[in-house]
Amino acid sequence: MAGLATAGALTAISAEKAAAQAASDSVLRTVLDRGKLIVGTGSTNAPWHFENDAGELVGMDITMGRILAKGLFDDPTKVEFVMQDPAQRIPNVTTNKVDITIQFMTMTAQRSQLIHFSRPYYVEGVALLTLPGSENKTFDKLLANGAATRISILQNVDAESSVHFALPQAQVMQIDTQANVLQALESKRVDAAAVDLSTVRWLASRNPDKYFDAGKSWYSMLYGAAVRQGDLDWLTYVNQTFTIAMFGHETALYDAAFKDYFGQEPPARHPGFPVI
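All residue numbers here refer to positions counted from 1 along the written sequence of the relevant chain. The model is predicted, so local features are restricted to residues of pLDDT at least 70 and side-chain atom pairs to those at 80 or more, both for listing and for counting; the totals for chains, interfaces and linings are taken over all residues. Neither water nor hydrogens contribute to the side-chain values; these are computed over all heavy atoms in the structure.

Named according to an unreviewed UniProt entry, the chain is Transporter substrate-binding domain-containing protein originating from Mesorhizobium montanum. UniProt positions are given in the numbering used here, feature names are shortened, and annotations may be inferred rather than shown by experiment. Looking at the Sequence similarities (unreviewed entry) heading of the UniProt record, one finds this comment for the chain: "Belongs to the bacterial solute-binding protein 3 family."

Take a look at the structure:
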């Protein structure tokens, strides 16, 4: 009961009192004083950030921004989303044009020399999209077909090695755009398209009559939010708020988004030993 009483007391702390605890030059104090959060993101990449049929900006990245705003102001709408090119994800943070970038940003050692990453909020990977009516729609069938299996993938320096990690004998068709990677599958020029795991889950859950998740993913990549270096108060706030939203007592926003955008229920969390 003491824990519950403490939690209740903490929720009563005003934004003004919270701001007074942060360092004077912290983004945390700036955001609380301003009364809204400014998030750099995009608008053209479902399921991460895109406009729905009503013209509203939605997606998993957008939800993570709203989770931060709810923690700051007990109001998930107190956030302004600034549209930015992926090339501006780091510069806009380091020049304080945005408080944080949440834009399906892969965490790397090189980028970590320029900004601080939050704790990961998704583990991306490579996965296989197939056709629901195909005889070879599962990973096991694709693997068993050996050199007869044809895979489309976006052209890049690691394309062949990436496919061959999971399907060593497969024929690899490197294609110039993601739309054409999918078109090759739809026209049956290939047996499967190798794309992001999030894309597979989004398309297969939204269009089960058109796409199928072959059931294989590999090559893990961590997605994290970016904040400026040297601001421990702000970084700690972001990390703890994400952790609470994914593993604590306030998971409603994260869980609803995960199910909506990836077509899956998040794993059950059980009190006791921490697994975060």
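## Regarding unusual backbone geometry
Backbone torsion omega between Ala46 and Pro47 reads 5°, so that peptide bond is classified as cis. In this text, helices come from DSSP runs of H or I with a minimum length of four residues, and strands from runs of E with a minimum of two, each type numbered from the N-terminal end. Following the sequence through the fold, Pro47 ends up in the loop between β2 (44–45) and β3 (49–51). Although it is not a glycine, Asp74 adopts a positive phi angle of roughly 55°. By secondary structure assignment, the location of Asp74 is in the loop between α4 (60–73) and β5 (79–83). Residue burial is assigned from relative accessible area. The probe radius is 1.4 Å, only protein chains are included, and a residue is buried under 20% of its type maximum, exposed over 50%, and partly exposed in between. Residue Asp74 is classed as exposed on the basis of its relative accessible area, which comes to 62%. Non-glycine residue Asn96 carries a positive phi angle of around 65°. For Asn96, the location among the structural elements is in the loop between α5 (91–94) and β6 (100–101).

## A short note on the UniProt feature "domain: Solute-binding protein family 3/N-terminal" (unreviewed entry) in the chain
Here the UniProt feature "domain: Solute-binding protein family 3/N-terminal" (unreviewed entry) sits at residues 36–265. From the first C-alpha to the last, residues 36–265 spans 30 Å; its make-up is 34% helix and 26% strand.

## Considerations on the sheet that holds β2
When DSSP finds two or more bridges between a pair of strands, those strands are recorded as paired. What the three strands build is an open sheet, ordered β2-β3-β4; its pairing is antiparallel. Looking along the sheet, the strands with just one partner apiece sit at the ends: β2 and β4 (57–58).

## What to know about the pairing of strand β8 (residues 122–130)
A large share of β8 lies buried, amounting to eight of its nine residues. The sheet contact formed by β8 and strand β12 (residues 212–223) spans seven bridges and is antiparallel. Paired with Tyr122 across the bridge in β12 is Tyr223. Note: β8 against strand β11 (residues 192–196), four bridges, orientation antiparallel. Bridge pairing in β11 links Ala127 to Val195.

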